[in-house]
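# Fold and contact review
Here are the chains, one letter per residue:
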Amino acid sequence: MESQHMYDRMLNFLLFKVIFIGAVMDPVWRHILRLSMWIGVLGFMRIFSLLSRDRLDNLTTITFVSIHKYYKIILLLSTILFSNIIWYLGSFYLFPTSLAFLTLEFLPVVLDTIQVLIKYITHLLDQWVENRFESKRWINYYIELSADVLILGCTLLQYLQLMWMHGISFGLVDIVLFLNVRSVLKNLHNKIIIYRERWKAMVYVRQRYVDASSEELSKLNDDCAICREKMKTAKKLACGHLFHLHCLHSWIQHHVSKPTCPTCRRPLST
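These numbers come from a predicted model, not from an experiment.

### Topic: the pattern of salt bridges
One pass over the full model with this rule turns up three salt bridges. Between Lys119 and Glu144 there is a salt bridge, with its nearest N and O atoms 3.1 Å apart. Here Lys119 is found in helix 4 (residues 99-128), whereas its partner Glu144 is found in helix 5 (residues 135-166), with 25 residues between them in sequence. Between Lys235 and Asp211 there is a salt bridge, and its shortest N-O distance comes to 3.1 Å. Of the two residues, Lys235 is situated in strand 1 (residues 235-236) and Asp211 in the loop between helix 6 (172-208) and helix 7 (214-220); the sequence distance between them amounts to 24 residues. With a relative accessible area of 7%, Lys235 lands in the buried category. Using a relative accessible area of 56% as the deciding quantity, one classes Asp211 as exposed.

### Some words on the nonpolar core
Within soluble globular proteins, side chains that are nonpolar generally end up buried alongside one another. By size, the foremost hydrophobic cluster in this structure holds 31 residues, and its most contacted members are Trp38, Ile39, Leu42, Leu77, Leu102, Tyr120 and Tyr159. Counting residues per element, the ones that place at least two in this core are helix 2 (29-59), helix 3 (67-94), helix 4, helix 5 and helix 6. Sorting elements by how many residues they give to this core places helix 4 first, with nine residues. If you look at the next biggest cluster of nonpolar residues, it comprises 17 residues, including Cys224, Leu237, Leu248 and Ile252.

### A look at the packing of aromatic side chains
Enumeration according to the criterion identifies four aromatic pairs in this entry. Centre to centre, the rings of Tyr88 and Phe92 are 5.3 Å apart; their planes meet at 80°, and the pair counts as edge-to-face. Taken as a pair, Tyr88 and Phe92 lie in helix 3 at a separation of four residues, close to a single helical turn. A relative accessible area of 12% means that Tyr88 is categorised as buried. Look at Phe92 and you get partly exposed, because its relative accessible area is 42%. When the centroid spacing of 4.2 Å and the interplanar angle of 15° are considered together, the rings of Tyr88 and Phe106 count as stacked. Of this pair, Tyr88 sits in helix 3 while Phe106 sits in helix 4, placing them 18 residues apart in sequence. Residue Phe106 is classed as buried on the basis of its relative accessible area of 9%. Through a chain of ring-to-ring contacts, three or more aromatic side chains come together here, namely Tyr88, Phe92 and Phe106.

Parameters at a glance
- Residues numbered from 1 in each chain as written.
- Predicted model: local features only at pLDDT ≥ 70, side-chain atom pairs only at ≥ 80, totals over all residues.
- Heavy atoms only, no water.
- Salt bridge = Lys/Arg side-chain N within 4 Å of Asp/Glu carboxyl O.
- Helix = DSSP H or I, 4+ residues; strand = E, 2+ residues; numbered from the N terminus.
- Buried < 20%, exposed > 50% of the residue type's maximum accessible area, 1.4 Å probe, protein only.
- Core = buried A, V, L, I, M, F, W, Y, C linked by side-chain atoms within 4.5 Å.
- Phe/Tyr/Trp six-rings, centres within 6.5 Å; stacked < 30°, edge-to-face > 60°.

Okay, here's the thing in structure tokens:
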């Protein structure tokens, strides 16, 4: 499944980049081929970062995961990050006239990799302290927000640069570029709305719901309905159900439009 996912992402990435490089850049095939290969390698490393992010989402749903698995992925991401930097520095020699374009191609890859790397590290720290690293949610929130906005900003600048390089001729390339600019702006707007609602929900849960007392925890002797693990500390919802604070944050993140109690589905009004 992951290999097919990687193949689809790589194919879509290369098709889009190669077509636009050929349509917009200097029509010297040797130059286009070298540039396509450079971007292809960068895209390949970015896809590994995205797959690592998908793997983290899967690992967080598994109760028992070997700590060595996290070490391996962190090492892989660190290697990818270092390789990205070396690969970019090589462009100073190979493509001195295309540095602005390649920088906008390089930055999203690095931002994606750093974002995923930090998420793995914070998740590992959370495992070490037995799910009591409450700052993890806020760190990940701001990292994801910053990375997503910066990546979309780089993508928007790259499309605008391509439009400037190609010129306005009202041809097919201009139409596709315009549609992509429109899509990026719409995506940026939607991202900001989602993050705003997610922030409001996280603050609401932290401030609105009280911590469960030790008596309530011992009386119920219950597992968190989200992670299925014992609760040493918990938040008590208005409906009376108890959950880990970090589990509630994760739940709200995946149900940000209409967050509800994971057990009885009572709405969590924000």
